[in-house]
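Letter by letter, the chains look like this.
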Amino acid sequence: MGEQADAPLKRTPLYDLHCELGAKMVPFAGYEMPVQFKGILSEHLHAREKAVLFDVSHMGQMRIDGEAADALESLVVADVKGLPVGKVRYTLFTNAAGGIIDDLMITQGGYYLMLVVNAARKAVDFAHLRDRLPGFDIHLLNDMALLALQGPAAASVLSRLAPASKVMLFMTSEALKIGDIRCIVSRTGYTGEDGFEISCAASEAEALARMLLAEPEVMPAGLGARDTLRLEAGLCLWGNDIDETTTPVEAGLNWAISRRRREEGGFPGDEIILRQLFDGAPRKRVGIRLAGKVPARRGSRILDGDGRDIGVVTSGGYAPSVGGPIAMGYVTPAVADVGTSVQLVVRDKPLQGEVVLMPFIEQRYVK
Amino acid sequence: MLPVRFTREHEWVRVEDGVGTIGITDFAQGQLGDVVFVELPAIDTEIARGVQAAVVESVKAASEVYAPVSGTVIAINDSLADEPGQVNGDPQGAGWFFKVRLSDPSELDGLMDQAAYEAFLRSLD
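Residues numbered from 1 in each chain as written. Chains lettered and ligands numbered in written order. Predicted model: local features only at pLDDT ≥ 70, side-chain atom pairs only at ≥ 80, totals over all residues. Heavy atoms only, no water.

**Topic: the interface of chain A and chain B**
Thinking step 1. Facing 15 residues of chain A, the contacting portion of chain B comprises 16 residues.
Thinking step 2. Roughly 1300 Å² is buried in total at the junction of chain A and chain B, and carbon and sulfur atoms are behind 51% of that figure.
Thinking step 3. The largest contributions to the chain A side of the interface with chain B come from Lys293(A), Arg297(A) and Arg347(A), which together make up 42% of the buried area.
Thinking step 4. Run the count over chain A and chain B and you get five salt bridges. (Contact = heavy atoms within 4.5 Å. Buried area = accessible area lost by both parts, 1.4 Å probe. Salt bridge = Lys/Arg side-chain N within 4 Å of Asp/Glu carboxyl O.)

Have a look at this one:
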């Protein structure tokens, strides 16, 4: 009765630590993950004020050995050939229709490329890479953990434990020892704050997490805060704000397509995407600030001033640092301009909103 | 001590002189997490037992609150507009939602008392 036939949920190397720290665990992308520890609000605000530690070991870490930059350019929109050793770049796997198979980070490691992809997409991405790049050794690094230290105090915390991290620039990656633990540290993140993503052997993840959590500025944070932080930062979540039916141009990710790739194309869906870059896309992702206190969630209809349907919310909720509800969604280009009045329908009632610039908060990446 | 009755959906109602004060339980607020907004019924609304009477918006999601008893809404907790966190901090006190004049007090017989509700919570583990 009521038995679930689903595959058993996987656990990250930090599962026991999460439980010890009192996390509320939920199923997410096939894993048992902490949604919150003390509470989403306090974790969110702590990330904006000091630093929080996320377990993102469920995400897919992959390595492509050899000189793979040329080959990878056939699958992504980024300039991979021009990526210097030690640099990290955000990019997109696209399909023949110009849709987004996944968004990911690429690091040029010299003799290899490191990829970090979304948890829910790692099997799809891995199969895609193997199918399309048959001549390469591609490894899914299941024995690696990934932690994210995010917040304005992240740099001072990490520099105490790994002094060499002090000189790292945004979107760079270094092999560093934190304490005695060998790590690959990237100065990247999705909170709009300064921060680092730290990859290490799964067997050492708990020791590393305990070391970071022992620093006075750091508290653990879960998926809930991760979602409110990235929404305020105006960043897309695959499966919500982007998917195989949205193009990079519709999603407002034009900046991820470098100049050379715009001129040369050579990625799946290039004709459609490059045409949209030139002519505009049929819809556009926008940020919306609501006037009242009622949050509009994913799926809420977006109406124009005359009550006509013009789009739908793809992510929305209460934004702790904004102090009110925000949303992002797709609308027709005619109403995509900042300052346009819109209405979001929540429980059959229209709520007043306005198209605003994203991010919703000031970004504090260290550039 | 006024008797408090509970539903399987984790609402509570405390009755005095034919008026029921209604809110959600400590268990419910713990499940929902940080409450950021509560949509309350309008005064004078006629509500029926088991139908949606309020909505709690937490950071994560919107959750419906069902009327544990039927009646007419005679008061709402205005202070939740500015301090929705009272639902987390004091769910059976300052975090109450609304009051109804009961139209059928016999409905209380179908609800759980404190001991039965606690046993029900244990059965959920």
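Having seen the structure, we can now continue with the description.
**Things to note about the environment of Val36(B)**
Residue and element names in this part refer to chain B.
Thinking step 1. Note that Val36 resides in strand 4 (residues 35-39).
Thinking step 2. Its relative accessible area of 9% is what places Val36 among the buried residues.
Thinking step 3. A C-alpha to C-alpha distance of 13 Å links Val36 and Ser79, two positions 43 residues apart in sequence. (Helix = DSSP H or I, 4+ residues; strand = E, 2+ residues; numbered from the N terminus. Buried < 20%, exposed > 50% of the residue type's maximum accessible area, 1.4 Å probe, protein only.)

**Notes on helix 6 (residues 205-213) of chain A**
Residues lying three or four places apart along an α-helix face the same way, a consequence of the helix completing one turn every 3.6 residues.
Thinking step 1. All of the buried residues in helix 6 of chain A are Ala205(A), Leu208(A), Ala209(A) and Leu212(A). Buried residues in helix 6 of chain A, looked at end-on, bunch into an arc of 100 degrees, giving them a common side. (Arc of directions from axis to C-beta.)

**A short note on the nonpolar core**
Residues and elements named next belong to chain A.
Thinking step 1. By size, the foremost hydrophobic cluster in this structure holds 38 residues, and its most contacted members are Phe54, Val56, Tyr90, Ile100, Ile242 and Leu253.
Thinking step 2. Mapped onto this core, the elements with two or more residues apiece are helix 2 (40-49), strand 3 (51-55), strand 5 (88-94), strand 6 (100-108), strand 9 (144-150) and helix 7 (223-232).
Thinking step 3. For this core, the element with the most residues is strand 5, which contributes three residues.
Thinking step 4. Setting aside residues up to four positions removed in sequence, Val56 forms contacts with Leu146, Leu147, Ala148, Tyr190 and Arg226.
Thinking step 5. In terms of nonpolar packing, the next biggest core, distinct from the first, is built from 27 residues, Leu14, Ala145, Leu176 and Ala209 among them. (Core = buried A, V, L, I, M, F, W, Y, C linked by side-chain atoms within 4.5 Å.)

**Re the packing of aromatic side chains**
All names here are of chain B.
Thinking step 1. By the definition in use, this model includes four aromatic pairs over all chains.
Thinking step 2. Aromatic pair Tyr117 and Phe120: ring centres 6.3 Å apart, planes at 40 degrees, arrangement tilted. Highlighted residues: Tyr117 and Phe120, both in helix 3 (residues 114-124), separated by three residues, approximately one helical turn.
Thinking step 3. On the accessibility criterion, Tyr117 (3% relative accessible area) is buried. (Phe/Tyr/Trp six-rings, centres within 6.5 Å; stacked < 30°, edge-to-face > 60°.)

**Brief notes about the pairing of strand 7 (residues 112-117) of chain A**
Regular strands have side chains that alternate between both faces of the sheet.
Residues and elements named next belong to chain A.
Thinking step 1. Within strand 7, five of the six residues are buried, which leaves it mostly tucked inside the rest of the structure.
Thinking step 2. Where strand 4 (residues 60-65) lies against strand 7, six bridges are found, and the strand directions are antiparallel. Residue pairing for strand 7: Ile64 is matched across the bridge by Leu113.
Thinking step 3. Between the antiparallel neighbours strand 6 and strand 7 lie three residues, among them Gly110 with a positive phi of about 105 degrees. (Pairing = 2+ DSSP bridges.)

**Description of helix 7 of chain A**
Residue and element names in this part refer to chain A.
Thinking step 1. Along helix 7, nine of the 10 residues are buried, which leaves the element largely enclosed by surrounding structure.
Thinking step 2. Residues of helix 7 that are buried: Leu223, Gly224, Ala225, Arg226, Thr228, Leu229, Arg230, Leu231 and Glu232.
Thinking step 3. Where the residues of helix 7 are buried, they touch strand 1 (24-28), strand 2 (31-36), helix 2, strand 3, strand 16 (309-319) and strand 17 (324-331).

**Some points on the pairing of strand 8 (residues 71-76) of chain B**
All names here are of chain B.
Thinking step 1. The pairing of strand 5 (residues 46-47) with strand 8 spans two bridges and is antiparallel. Of the residues in strand 8, the one forming a bridge with Ile47 is Gly71.
Thinking step 2. Pairing between strand 8 and strand 9 (residues 98-102): five bridges, direction antiparallel. Across the sheet, the residue bridging to Ile76 is Phe98, located in strand 9.

**Examining the sheet that holds strand 1 (residues 4-6) of chain B**
Thinking step 1. Read across the open sheet, the six strands follow the order 1-2-3-9-8-5 (chain B); overall the sheet is antiparallel. Here the strands that pair on one side only, and so sit at the sheet edges, are strand 1 and strand 5 of chain B.

**Notes on the sheet that holds strand 17 of chain A**
Residues and elements named next belong to chain A.
Thinking step 1. Strand order in the closed barrel formed by six strands is 14-17-16-15-18-19, with antiparallel pairing between adjacent strands. Shown here is a sheet whose adjacent strand axes are inclined to one another by a mean of 45 degrees, direction ignored.
Thinking step 2. Each of strand 16 and strand 17 touches helix 7; the most contacted strand, strand 16, lies at about 125 degrees to it. (Axes fitted to C-alpha atoms, helices over the stretch in contact; angles between N-to-C directions.)

**Points about the confidence of the model for chain B**
Thinking step 1. Averaged over every residue, the pLDDT of chain B is 96; residues scoring 70 or more account for 99%.
Thinking step 2. As a predicted assembly, this complex carries a pTM of 0.94 together with an ipTM value of 0.89. (pLDDT = per-residue confidence, 0-100.)

**Re the pattern of salt bridges**
Residues and elements named next belong to chain A.
Thinking step 1. This structure, assessed with the given rule, holds 28 salt bridges over all chains.
Thinking step 2. Notably, a salt bridge pairs Glu193 with Arg48, separated by 3.0 Å at the nearest N-O pair. With a gap of 145 residues between them, Glu193 in the loop between strand 11 (181-186) and strand 12 (195-201) and Arg48 in helix 2 connect regions that are remote in the sequence. Note on accessibility: Glu193 and Arg48 belong to one class, buried.
Thinking step 3. For Asp309, the salt bridge is made with Arg301, and the minimal N-O distance between the two is 3.1 Å.
Thinking step 4. Owing to a relative accessible area of 48%, Asp309 belongs among the partly exposed residues under this scheme.
Thinking step 5. A residue is classified by how much of its surface remains accessible, and Arg301, at 40% relative accessible area, is partly exposed.
Thinking step 6. Ionic contacts of the salt-bridge type, sharing partners, join the residues Glu73, Asp79, Arg260, Arg261 and Glu264 into one network.

**Points about unusual backbone geometry**
Thinking step 1. In this chain, Met358(A) is followed by Pro359(A) through a cis amide linkage whose omega measures 0 degrees.
Thinking step 2. Looking at the secondary structure, you find Pro359(A) in the segment after strand 19 (349-356).
Thinking step 3. With a phi close to 50 degrees, Asp17(B) is a non-glycine residue in the positive phi region.
Thinking step 4. Positive phi is not limited to glycine here, since Asp44(B) has a value of about 80 degrees.
Thinking step 5. Take Asp44(B): it is sitting in the loop between strand 4 and strand 5.

**With respect to the packing of helix 2 of chain A against helix 7 of chain A**
Residue and element names in this part refer to chain A.
Thinking step 1. The interhelical angle for the contact between helix 2 and helix 7, taken along N-to-C directions, is 50 degrees, at an axis separation of 8 Å. Here helix 7 runs oblique to helix 2, going by the angle between their axes. The handedness of the crossing between helix 2 and helix 7 is right-handed. Two secondary-structure elements touch here, helix 2 through Ile40, Glu43, His44, Ala47 and Arg48 and helix 7 through Gly224, Ala225, Thr228, Leu229 and Glu232. (Parallel < 35°, antiparallel > 145°, perpendicular 65-115°, else oblique. Left-handed = near helix turned anticlockwise from the far one by under 90°.)

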